[in-house]
Amino acid sequence: AQSVTQLDSQVPVFEEAPVELRCNYSSSVSVYLFWYVQYPNQGLQLLLKYLSGSTLVKGINGFEAEFNKSQTSFHLRKPSVHISDTAEYFCAVRAGNNRKLIWGLGTSLAVNP
Amino acid sequence: DAGVIQSPRHEVTEMGQEVTLRCKPISGHDYLFWYRQTMMRGLELLIYFNNNVPIDDSGMPEDRFSAKMPNASFSTLKIQPSEPRDSAVYFCASSQSRGREETQYFGPGTRLLVL
């Protein structure tokens, strides 16, 4: 079975500072990894995904994530955040042909002026 | 494309009443997922369909919950009778089977409050 752990439930940061949101997973089979963002009172939107190939994945809104197989991690990063990045961020994993996504509990990013 | 459409966006009801949530997936998508989101349990998959057929309903909490997909463009999630602990945001998502490229697209959610 797969599991996802988002290590920080809340991350406060000042505007224009860099940020890293951490995600670790466990799985006995190959996985596909996703980061979704949820703005207040909205649905979830795909930020980026890792399927194969280059371990550094670039997504929308200047976010990127790096897949580290040895550390079973998929941390999300942005070099300079904006107030508009304030949202809930979810890491998810899908194993092989399984349609189910296994979700982390989310990290609340609060960007302060 | 209009994206995944859910209705209503907000629902307030009293305990014991029947609640019906509706979802229209993205045209051409053959998978449909129903999720529930709460502060305590996060995002939970309730059930998903492939080509209108329920594939896995192991996440449905109990018999009070039922879901149907009568055609490729419509699905319902029904709670009867509703209870205060059902209060949550319910999301519908759809995807198109493309192997590893498959991505789920979410609707805006229905915020349910059961008093």
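Fair warning: this is a prediction, and the values are worked out from it, not measured in the lab. (Residues numbered from 1 in each chain as written. Chains lettered and ligands numbered in written order. Predicted model: local features only at pLDDT ≥ 70, side-chain atom pairs only at ≥ 80, totals over all residues. Heavy atoms only, no water.)

Caption draft 1: Structural detail: the overall build of chain A. What chain A contains, in helices and strands, is zero helices and 12 strands. Beginning at the N terminus, the succession of helices and strands in chain A can be written as β-β-β-β-β-β-β-β-β-β-β-β. Its C-alpha atoms give chain A a radius of gyration of 13 Å, within 12% of the compact-globule value 13 Å for 113 residues. Dimensions of chain A along its principal axes, counting C-alpha atoms only, are 40 × 30 × 20 Å. The burial tally for chain A puts 45% of its 113 residues in the buried class. Looking at chain A alone, contacts between residues at least 24 apart form 57% of all its contacts between residues at least 6 apart. In chain A, which carries 9 positive and 8 negative side-chain charges, the distance between the mean positions of the two groups comes to 15 Å. (Helix = DSSP H or I, 4+ residues; strand = E, 2+ residues; numbered from the N terminus. Rg over C-alpha atoms; globule rule 2.2 N^0.38 Å. Buried < 20%, exposed > 50% of the residue type's maximum accessible area, 1.4 Å probe, protein only. Contact = heavy atoms within 4.5 Å. Lys, Arg positive; Asp, Glu negative; His and termini not counted. Charge placed at Lys NZ, Arg CZ, Asp CG, Glu CD.)

Caption draft 2: Structural view of the pattern of salt bridges. Tallying each qualifying case throughout the model produces 14 salt bridges over all chains. Among the salt bridges present, the one from A:Lys58 reaches A:Glu64, with a minimum N-O distance of 2.8 Å. Judged by its relative accessible area of 62%, A:Lys58 falls in the exposed class. Between B:Glu83 and B:Arg64 there is a salt bridge, with its nearest N and O atoms 3.5 Å apart. Of the two residues, B:Glu83 sits in the loop between β8 (74-79) and β9 (88-95) while B:Arg64 sits in the loop between β6 (53-56) and β7 (65-71), which places them 19 residues apart along the sequence. B:Arg64 gets classed as buried once you look at its relative accessible area, which sits at 10%. Counted as one network, the salt bridges with shared partners bring together B:Glu62, B:Arg64, B:Glu83, B:Arg85 and B:Asp86. (Salt bridge = Lys/Arg side-chain N within 4 Å of Asp/Glu carboxyl O.)

Caption draft 3: Examining the sheet that holds β8(B) more closely. Residue and element names in this part refer to chain B. The strand order across the open sheet formed by four strands is β1-β3-β8-β7, and the pairing between neighbours is antiparallel. Looking at strand neighbours, the two that pair on one side only are β1 (5-7) and β7, the edges of this open sheet. Along the sheet, successive strands turn relative to each other by an average axial angle of 15°, direction set aside. As paired elements, β1 and strand β3 (residues 19-24) share three bridges and run antiparallel to each other. Opposite Gln-6, over in β3, you have Cys-23 as the bridge partner. (Pairing = 2+ DSSP bridges. Axes fitted to C-alpha atoms, helices over the stretch in contact; angles between N-to-C directions.)

Caption draft 4: Molecular detail of the layout of surface pockets. Empty space within the largest pocket amounts to approximately 680 Å³. Taken together, 30 residues make up the lining of the largest pocket; nearest its centre are A:Gln38, A:Glu88, A:Phe90, B:Gln37 and B:Met39. Elements supplying a minimum of two residues to the lining of the largest pocket: β10 (87-95) and β12 (107-112) of chain A together with β4 (31-38), β9 and β11 (110-114) of chain B. Each residue belonging to the lining of the largest pocket can be placed in one class, and the counts come to 12 nonpolar, 15 polar and three charged. Computed from the structure, the second largest pocket encloses a volume of approximately 220 Å³. (1 Å grid on protein atoms, 1.4 Å probe; cavity = no way out; pocket = protein on both sides within 12 Å on 5 of 7 lines; lining within 4 Å. Points joined across faces, edges and corners; volume = space filled by probe spheres on them. Nonpolar A, V, L, I, M, F, W, Y, C, P; charged D, E, K, R; others polar.)

Caption draft 5: Highlighting the interface of chain A and chain B. Taken together, the contact between chain A and chain B spans 19 residues of the former and 24 residues of the latter. Across the chain A/chain B interface, buried area totals approximately 1800 Å², and carbon plus sulfur atoms make up 50% of it. Where chain A meets chain B, there are one salt bridge. Of all the elements in the fold, those that place two or more residues in the side of chain A that touches chain B are β5 (31-38), β6 (44-50) and β10 of chain A. A per-element tally of the side of chain A that touches chain B places β5(A) first, with four residues. Tallied by class, residues from the side of chain A that touches chain B come to 10 nonpolar, five polar and four charged. (Buried area = accessible area lost by both parts, 1.4 Å probe.)

Caption draft 6: Examining a nonpolar patch on the surface more closely. Residue and element names in this part refer to chain B. Together, Val-12, Leu-113 and Leu-115 line one region of the surface with nonpolar side chains, adding up to about 290 Å² of accessible area. Checked against the element boundaries, Leu-113 lands in strand β11. Of the residues examined, Leu-113 reaches a relative accessible area of 40% and is grouped as partly exposed. (Patch = residues over 30% accessible without salt bridge, like charges linked within 9 Å, V, L, I, M, F, W, Y side chains within 5 Å. Areas by Shrake-Rupley, 256 points an atom, 1.4 Å probe, with all protein chains shown as cover.)

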